[in-house]
Structures are given as C-alpha cells and as structure tokens.
Number of protein chains: 2
Amino acid sequence: MATKGQYTYAYPHPAVTADCVVFGYDGKEIKVLLIKRGKEKEADTTAYVGQWALPGGFLEVDRDKTIAHTAARELKEETGLKLSIKDFKEVGTFSDINRDPRERVITVAHYALVKLANVEASTDAEKAEWFSWNDIPHLAFDHDKILRVAFSRLKQDIHFEPVGFDLLPETFTLPQLQNLYESILEVKFDRRNFANKMKHYAILSEVEDDTPRHGTRTPVKYRFDKDNYDRLKRNGFQLEF
Amino acid sequence: MATKGQYTYAYPHPAVTADCVVFGYDGKEIKVLLIKRGKEKEADTTAYVGQWALPGGFLEVDRDKTIAHTAARELKEETGLKLSIKDFKEVGTFSDINRDPRERVITVAHYALVKLANVEASTDAEKAEWFSWNDIPHLAFDHDKILRVAFSRLKQDIHFEPVGFDLLPETFTLPQLQNLYESILEVKFDRRNFANKMKHYAILSEVEDDTPRHGTRTPVKYRFDKDNYDRLKRNGFQLEF
DNA sequence: TATATTTGCGTAAAATTCACACAAAACAAG
DNA sequence: CTTGTTTTGTGTGAATTTTACGCAAATATA
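Residues numbered from 1 in each chain as written. Chains lettered and ligands numbered in written order. Predicted model: local features only at pLDDT ≥ 70, side-chain atom pairs only at ≥ 80, totals over all residues. Heavy atoms only, no water.

Peer 1: Quick question: what am I supposed to make of the relation of the copies chain B and chain A here?
Peer 2: Both copies of the chain are tied together by a single rotation about an axis and a shift running along it. The transformation that overlays chain B on chain A combines an axial shift of 0.0 Å with a rotation of 179 degrees, and the residual RMSD is 0.1 Å. A rotation of that kind, with that shift, is consistent with a two-fold axis. Minimal C-alpha distance to the rotation axis in chain B is attained by B:Thr8, lying at 1.9 Å. Both copies contact each other with a shared surface, as 100% of the interface residues of chain B are interface residues in chain A too. (Least-squares fit on C-alpha atoms with pLDDT ≥ 70 in both. Contact = heavy atoms within 4.5 Å.)

Printed below as a string of structure tokens:
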C-alpha cells in the first residue's frame with residue numbers, strides 16, 4: 001500500500017481530496033473549468049495523465065483548516081483562480097473503493113459559481129480551459145459522475161438561492177437571466193410570464209443604460225437589488241420555477 | 001501523530017469516519033438515535049467517554065466499498081440497527097482541523113429515516129437510546145452541529161421526497177401525517193387545507209379500520225398508495241408545503 | 001347529562017399561474 | 001431606402017391553486 005513514507009498509523013488511512021466543479025455562464029451557455037492532468041510535474045498527478053479532469057487535490061492534513069480550504073487552495077494552484085472559501089458549496093463525497101488506481105482516495109466534491117467575465121482573465125490558460133456544458137470531454141477518474149451530480153445539485157439549489165447573483169455580470173438583460181434559468185433547469189419559459197414573475201419578486205432594478213437606447217429592440221439592462229433579495233431570502237423566500 | 005502503526009504513507013493522511021443521524025417518529029415527536037460513548041471497550045472510542053454521540057465510526061479502507069457502507073456497518077455494530085445502504089442520505093462532510101482531539105478526522109455525516117415501531121425492537125438498548133428532538137443532550141465532538149445540519153437537510157429534502165413513507169407506520173391518520181410535516185418543517189397548517197391537499201395528490205388510500213369506528217372522532221386510517229406516489233415522483237413530483 | 005375537544009367536510013374569496021396578441025425597434029437583404 | 005424578419009416589451013382574461021373559514025358529528029371528560 002504505502003512505499004517508503006514516514007507517516008505511520010495503526011490502521012490504514014485513506015487519502016482525501018477535494019474536487020471543484022466551477023460553473024460559469026457566458027450569457028449563452030453554462031461553462032465548466034477543467035484542467036489537463038499531468039501537464040505540470042506534480043507529485044501526485046501520476047494517474048490519468050493527459051486526460052481532462054476537475055481541478056482538485058489532496059487535503060493537507062496539517063494545513064487545510066477544512067476540506068473547503070483544500071478546494072480553494074488546489075483550485076488556485078491548478079488554475080490560477082482565487083475564490084473565497086464561502087464560494088464553495090459541497091456536493092458530496094465520492095468514495096468507491098477503486099475510484100483511484102493508486103490508493104484508496106475519497107474525494108469531497110464542491111461546486112462554485114463565478115462571473116465568467118471577472119475570472120477569465122485570472123485563469124491560467126496554460127493549465128486550465130473553460131468548456132461549454134454541451135461539449136465536455138470524457139474526464140479522468142469518476143469525474144464525469146461528479147460533474148453530473150454537481151449539476152443536478154445546482155439544479156436543486158436554484159430553487160432556494162440566487163444563482164443569478166453569482167453567475168451574471170453586474171448588469172444583465174431579462175433575456176439573459178431567462179436563458180440562464182432555462183439552461184440550468186433545462187426547461188423553456190414563456191418570455192412574458194418570466195418577466196412578470198421577476199417583476200413580482202421585485203429583486204431587479206432597471207439600470208440607466210450608458211449607451212442611450214433609441215428603441216426597445218436592445219433589451220433593457222438590470223441589476224439585482226441585493227437588499228430586497230436578501231430580505232426576501234431571510235424571510236424564507238423560495239424562487240419558484 | 002501516529003504511534004507504532006504499521007501502515008505508512010509518504011505524506012500525512014486523515015482518518016475518515018461516517019456518522020449517522022437516525023430519525024424516527026412516534027406519532028407525536030421526531031426522535032433521534034444516540035449512543036453513549038465508551039460503554040464498550042472499543043479501540044478508538046477513547047475520546048469523549050461517557051458522553052452521548054451520534055453512532056458512527058471509522059472507514060475500513062480495505063473493506064467498506066463506500067462511505068455509506070461504513071455508516072451502515074457502524075450503525076449495526078453500535079446500535080444493533082440494520083439498515084440498507086440505500087437508506088442513508090449524505091448530509092455533508094465535517095472537517096474542521098481540531099474536531100477530534102486524537103488525530104485529524106474528517107467525517108461524512110448521513111441521515112436515515114426509520115419506522116420507529118419496526119426498529120425499536122431491534123435496537124440494542126444497552127448501547128443506544130432514542131431521544132426526543134426537543135430533549136437532545138449535549139453531544140460529543142461537533143455532533144451537535146452535525147445534528148442541526150442533518151435536520152435542516154431533512155427539512156429541505158421533504159420538499160422533493162416522501163418522508164412519510166419512511167417515518168410513519170403502515171397505517172396512520174391524517175392528523176398524524178400533518179403533525180409529522182409540522183414537526184419537520186416547524187410550521188403549523190390549517191387542518192382542512194392539509195387534508196384537501198393530500199386528497200388532491202391522491203397518494204393516500206383509506207384503510208378499512210379493524211376496530212369498526214362508530215363516529216368520526218376517531219380519525220380515519222390511511223396507508224400510502226405507493227404506486228401513485230412513485231408515478232408522481234418519476235414525473236417530477238414536488239410536494240409543496 | 002352537559003361541556004370541551006377533535007375530526008370530517010365544503011365553499012367562497014384571494015392570489016397565482018397560464019396562455020396568448022400586438023406593436024416598436026433593430027438588423028438584414030435586396 | 002424599402003421591406004421582411006427577428007427580438008424585445010407590455011397587458012389581460014381564463015383557469016388553477018391557495019387561503020380562510022363555519023358547522024355538525026363523535027367521542028372524552030367532568
């Protein structure tokens with residue numbers, strides 16, 4: 001099992017990793033950030049070399065305060081993307097006994113939502129790439145499965161939380177917002193009913209467009225009214241779609 | 001960190017445990033199954049001796065196919081209660097660096113719903129006890145926190161899944177069902193509206209009561225119409241409350 | 001026997017969801 | 001520049017769902 005390591009235990013211990021599913025949205029499609037394994041000479045990336053995978057890595061027992069810290073640290077190291085601990089939502093644990101050929105590794109999957117425009121610049125293009133949701137390659141380990149579960153988790157969470165805040169740019173249009181919800185929930189809405197519902201929630205503020213529009217063909221820009229949103233959320237708000 | 005163990009690794013590994021929050025319902029209150037630590041001479045229960053805690057224990061790296069298997073195995077060993085792997089729902093990972101005084105231990109919390117009447121007999125009373133939700137003692141480790149998170153997870157899941165199936169006895173009354181939902185969601189419903197909604201879902205079948213009632217004061221007994229329920233669930237059913 | 005509590009049943013008002021039509025604005029093509 | 005096509009914004013009536021209640025029958029209790 002172990003080779004010449006200096007850390008010994010009275011009974012076998014598994015290795016623990018954190019993996020990150022980072023979702024973005026470009027106004028058109030959901031995107032996911034992936035890394036190519038083995039490009040860099042990292043000690044532990046000796047499996048699945050050359051394959052695409054989720055960013056992630058091993059818990060550092062003496063350093064990572066929680067597994068979320070592992071996720072944040074590894075994401076930063078592997079993709080250059082620096083997120084806060086609070087940006088990570090836990091998806092679940094994947095612990096199949098043979099999911100890693102090297103040793104027993106259980107991984108705690110996380111997902112994070114990012115404003116694509118803000119982070120594309122800080123992403124280390126040498127190591128990582130954004131993939132459209134409908135164009136994801138086959139991934140290493142059981143990362144295909146993890147990705148599916150993470151997405152379905154996002155799909156659940158959207159009923160209780162403001163994913164728009166995190167995925168959309170500061171200002172956005174109603175059609176963009178609708179497309180985002182449609183992309184995540186994989187359904188279609190009636191444009192007018194969607195607009196009515198949003199108006200009813202009163203969480204959007206119309207933005208004075210810098211480029212003074214002459215007509216209505218160019219969609220109106222909005223921003224989230226965070227105060228209203230947070231208040232509603234505290235009172236047991238539930239976004240219905 | 002380690003003492004004289006024979007399992008060595010090139011870098012530190014955490015220990016991994018599974019903990020179980022087992023919920024029951026006695027027709028009146030939500031109950032939770034707890035164990036008293038250190039009653040038995042177990043190798044690893046040297047911490048928090050004498051305190052109440054959630055059932056659970058260490059992942060056996062070479063034996064437990066998944067962490068859910070750990071949960072099931074440990075629950076059986078510690079309380080006598082034998083549940084299927086599929087009965088466990090993962091709540092989340094708890095990984096604070098100092099949550100266990102002995103070594104770095106991260107735990108994967110699970111919850112399970114059981115029919116109290118069915119399992120009370122098979123629970124090893126020497127080791128485990130059922131506690132009313134409103135009368136839970138202070139627990140070992142971070143188990144208080146785990147318990148709270150597990151309950152809030154149950155509260156979420158109830159919107160999408162049939163908890164009644166798992167917690168209620170085969171036949172039950174409408175007031176019992178209502179009380180169960182009220183207990184979990186911590187709200188009160190109008191009796192008549194609750195009945196209407198249930199009738200509308202058409203997942204209940206009236207049961208010919210063995211003790212022939214003369215009046216209506218004794219509530220009518222129902223059982224779940226599992227076929228109808230499963231069909232609705234497949235089609236994207238969502239219990240609304 | 002009288003009183004209080006619990007259960008079952010039904011309905012009208014209010015709120016929400018749903019289906020749907022049309023005009024203004026921009027872009028594209030000729 | 002004219003015309004046709006696409007996209008966006010707006011409103012309304014019908015259908016459905018939720019909500020708020022009233023009342024009588026059936027026990028348990030005093």
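From this point, things continue past the structure.
Peer 1: Quick question: what am I supposed to make of the layout of surface pockets here?
Peer 2: Sizing a probe to match a water molecule and rolling it over the atoms shows the empty space that remains. By volume, the largest pocket amounts to about 1800 Å³. Every residue lining the largest pocket is counted, 46 residues in all, and those nearest its centre are A:Glu90, A:Val91, A:Arg153, B:Val91 and B:Arg153. Sorting the residues of the lining of the largest pocket by element identifies α1 (67-79), β6 (89-94) and α3 (143-157) of chain A together with α1 (67-79), β6 (89-94) and α3 (143-157) of chain B as the ones contributing at least two each. Its residues assigned to classes, the lining of the largest pocket shows 16 nonpolar, 14 polar and 16 charged. (1 Å grid on protein atoms, 1.4 Å probe; cavity = no way out; pocket = protein on both sides within 12 Å on 5 of 7 lines; lining within 4 Å. Points joined across faces, edges and corners; volume = space filled by probe spheres on them. Helix = DSSP H or I, 4+ residues; strand = E, 2+ residues; numbered from the N terminus. Nonpolar A, V, L, I, M, F, W, Y, C, P; charged D, E, K, R; others polar.)

Peer 1: When you look at unusual backbone geometry in this model, what are you seeing that I'm missing?
Peer 2: Trans peptide bonds make up the majority, and among non-glycine residues the majority have a negative phi. Within the chain, A:Ala202 stands out as a residue other than glycine whose phi angle is a positive 60 degrees. The residue A:Ala202 is located in the loop between α6 (191-201) and β10 (204-206) in this model. By relative accessible area, which is 37% here, A:Ala202 ends up partly exposed. Residues other than glycine seldom take positive phi values, yet B:Phe141 does so here, at roughly 50 degrees. Take B:Phe141: it is sitting in the loop between β8 (128-132) and α3. Among the residues examined, B:Phe141 registers a relative accessible area of 14% and is labelled buried. (Buried < 20%, exposed > 50% of the residue type's maximum accessible area, 1.4 Å probe, protein only.)

Peer 1: Just checking my understanding: could you explain α1(B) for this structure?
Peer 2: Note: α-helices contain 3.6 residues per turn, so residues at a spacing of three or four share the same orientation. A rise of 1.5 Å per residue sets the reference length of α1(B), with its 13 residues, at 18 Å; its end C-alpha atoms lie 18 Å apart and thus fit the reference within 8%. Counting buried positions along α1(B) yields 10 of 13 residues, so the element is predominantly enclosed. Within α1(B) the residues assigned to the buried category are B:Ile67, B:Ala68, B:Thr70, B:Ala71, B:Ala72, B:Arg73, B:Glu74, B:Leu75, B:Glu78 and B:Thr79. Packed against the buried residues of α1(B) are β6 of chain A together with β2 (15-25), β3 (30-36), β5 (56-58), β7 (105-113) and β8 of chain B. (Expected span 1.5 Å × (residues − 1).)

Peer 1: In this structure, what is going on with the interface of chain B and chain A? I would like to understand it.
Peer 2: Accessible area lost on assembly of the parts is the figure often given for the size of an interface. Counting residues at the interface gives 42 residues for chain B and 42 residues for chain A. Taking both sides of the interface into account, the surface hidden between chain B and chain A amounts to around 3800 Å²; carbon and sulfur atoms contribute 55%. Taken together, the links from chain B to chain A amount to 0 salt bridges. Only β1 (7-9), β2, β6, β7 and α3 of chain B provide two or more residues apiece to the side of chain B that touches chain A. In terms of residue class, the side of chain B that touches chain A is built from 18 nonpolar, 12 polar and 12 charged. As paired strands, strand β1 (residues 7-9) of chain A and β1(B) are joined by 3 bridges and run antiparallel to one another. If you follow A:Tyr9 over to β1(B), its bridge partner there is B:Tyr7. (Buried area = accessible area lost by both parts, 1.4 Å probe. Salt bridge = Lys/Arg side-chain N within 4 Å of Asp/Glu carboxyl O. Pairing = 2+ DSSP bridges.)

Peer 1: How do you make sense of the packing of aromatic side chains when you look at a structure like this?
Peer 2: Any aromatic ring pair is given by two values, namely how distant the centres are and how the planes are angled relative to each other. Applying the stated criterion to the full structure yields 24 aromatic pairs over all chains. Taking the centre distance of 5.6 Å and the plane angle of 65 degrees together, the rings of A:Tyr11 and B:Phe58 count as edge-to-face. A residue pair is termed interchain when its members come from two chains, as with A:Tyr11 in the loop between β1 and β2 (15-25) and B:Phe58 in strand β5. An aromatic cluster of three or more residues is present, and its members are A:Phe23, A:Tyr111, A:Trp133 and A:Phe151. (Phe/Tyr/Trp six-rings, centres within 6.5 Å; stacked < 30°, edge-to-face > 60°.)

Peer 1: Explain the sheet that holds strand β9 (residues 172-173) of chain B here, please?
Peer 2: Pairing between the strands of a sheet comes from backbone hydrogen bonds, and it takes one of two forms, parallel or antiparallel. All names here are of chain B. Strand order in the open sheet made by the 3 strands is β9-β11-β10, with antiparallel pairing throughout. Among the strands making up the open sheet, the edge pair consists of β9 and β10 (204-206). Where β9 and strand β11 (residues 221-224) come together, 2 bridges link them in antiparallel fashion. Bridge assignment links Thr-173 to a residue of β11, and that residue is Lys-221.

Peer 1: Looking at this structure, I do not really get the environment of B:Asp96. What am I missing?
Peer 2: Structurally, B:Asp96 can be placed in the loop between β6 and β7. In this structure B:Asp96 comes out as partly exposed when scored by relative accessible area, which is 36%. Excluding anything up to four places from it in sequence, B:Asp96 contacts A:Lys65, A:Thr66, B:Arg104 and B:Lys145.

Peer 1: Sorry if this is basic, but what is going on with the pairing of β2(A) here?
Peer 2: Residues and elements named next belong to chain A. Buried residues dominate β2, accounting for 11 of its 11 residues. By the alternation rule, side chains of β2 split into Ala-15, Thr-17, Asp-19, Val-21, Phe-23 and Tyr-25 and Val-16, Ala-18, Cys-20, Val-22 and Gly-24, which are all buried. Here 9 bridges tie β2 to strand β7 (residues 105-113), and the two strands are oriented parallel to one another. Directly across from Ala-18, in β7, lies its bridge partner Val-108. As defined by bridge partners, β2 adjoins strand β5 (residues 56-58) across 3 bridges and the pair is classed as antiparallel.

Peer 1: I keep staring at the sheet that holds β10(A) and nothing clicks. Help me out?
Peer 2: In spatial order, the strands read β9-β11-β10 (chain A); together these 3 strands make up an open sheet with antiparallel pairing. The open sheet has two edge strands, β9 (172-173) and β10 of chain A, and neither has a second partner.

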